[in-house]
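The primary structure of each chain is shown beneath.
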Amino acid sequence: MCGRTACTLAPEELSRASRYRDRRGEQRRPRWKDGDSDKYRPSYNKSPQSFSPVLLSNRHFIKDAPVDECVLAAMRWGLVPAWFKENDPNKMQYSTSNCRSESLLEKKSYKDPLLKGQRCVILADGFYEWRRQEKEKQPFFIYFPQSQGGKVPSQQHSTKEEKSQSLEVEQRVTFGLKSAFVHSFRSSFFFLCLLHLQSDQDSEWTGWRLLTMAGLFDSWTPPGGGEALYTYTVITVDASPNIQCIHDRMPAVLDGEEEVRRWLDFGEVKSLEAMKLLQSKSCLSFHPVSSLVNNSRNNSLECLQPVDPTIKKTPQPSASSKMMMSWLKTASPTKRKDPDEDTAAKGPEGKLESEKQTKPSGPLQQWLLGTGSTKKPRTL
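These lines cover the structure that appears in this document, whether it is placed above or below. Bear in mind that the values here come from a model prediction, so they are computed numbers and not experimental data.

**Points about the overall build of the chain**
Counting its secondary structure elements, the chain contains 9 helices and 15 strands. Among the 380 residues that make up the chain, the fraction classed as buried is 45%. Taking all contacts inside the chain whose residues are at least 6 apart in sequence as the whole, residues at least 24 apart take part in 70%. Of the roughly 20,700 Å² of accessible surface on the chain, 50% is carried by carbon and sulfur atoms.

What follows is the structure, given as structure tokens:
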């Protein structure tokens, strides 16, 4: 599945980072559809119903535009079919943020856009997925491999090498991160933080390589009339061997400019032919991240920074627990002491013995203060 993404580039940077090739093989830079750059908001934690950048043929908006000319548009995540009759798109009774590649031709919501050539590419820094482990879920950030200069290393491996790599990665996830593993991702995020320092708008993009995911879109207009709402869905496939240790599904990734071109060129590549591009690919990297990303309202760089899942953070006292502690201090019978008791409790230096305690005495107070564990989180 794919239920959360990150896309942190500014609109102008997105235009540079999403260069594509036309039928002649010439590289071109897409422009934003009129007014759509204002609808898009960069975020470390995007969830369904938010607006995300999408690359698609300009022919969908301008009938006489070349089919292989692409534009950027901001579309809402979660496909609303053109035939939906309610006045409020939020009244959809089922989730359309993802659609399975195996059933594209079986469900009307997806079959209609597919056969009309309404194919798009969803752009993101990467996506989040959760791995079930015992009673908890460990989130991961998944993305294209990054390297200095924007040149992505080849991901072509033999079957034996893929299995070996998958086993090695799973062992790292199970038994803890290796120092080299953490260092490599620190380097990747160093380049991500430098994206805003690139000043030459026409130079070749050397920043973060965007993840390109295959999707379908549709245009819905309220029954009573009004502005058309463009929405999309992310197509999913069976997870590749190196992702299966996290989840059994993954987005249909388009790896490289030629795959992106063929998916978007609905004039040259018909629907059934384009569906052959929807394959599992072992070309993605990933690392565990903080559970901070579990809440879609959290939006900071910490959402996608690498963490060591074997280290548990010490819980911090909440506002309600602080209030409870205040009540315990004033209402607990053990705190109602006579003045003589206060004097007797003082040590030789005039300090209360209770002030010398480093931990609360009871387990409830330890829990409320979040001091039940003395293990401190390791910072990267």
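**Concerning the pairing of strand β13 (residues 229-238)**
Counting buried positions along β13 gives 8 out of 10 residues, so the element sits mostly inside the fold. Pairing analysis gives 2 bridges linking strand β7 (residues 70-77) to β13, with the strands arranged parallel. Across the sheet, Arg 76 pairs through a bridge with Thr 231, a residue of β13. In the sheet, strand β8 (residues 98-100) pairs with β13 via 3 bridges, with the strands oriented parallel. Bridge pairing links Cys 99 to Ile 235 in β13. Bridging between strand β12 (residues 211-220) and β13 involves 6 bridges; their strand directions are antiparallel. Bridging across to β13, Gly 215 finds its partner in Val 234. As judged from the 3 bridges shared by β13 and strand β14 (residues 249-251), these two strands associate in the antiparallel manner. Following the sheet pairing, Thr 236 is matched in β14 by Pro 251.

How each quantity is defined
Residues numbered from 1 in each chain as written. Predicted model: local features only at pLDDT ≥ 70, side-chain atom pairs only at ≥ 80, totals over all residues. Heavy atoms only, no water. Helix = DSSP H or I, 4+ residues; strand = E, 2+ residues; numbered from the N terminus. Buried < 20%, exposed > 50% of the residue type's maximum accessible area, 1.4 Å probe, protein only. Contact = heavy atoms within 4.5 Å. Areas by Shrake-Rupley, 256 points an atom, 1.4 Å probe, with all protein chains shown as cover. Pairing = 2+ DSSP bridges.

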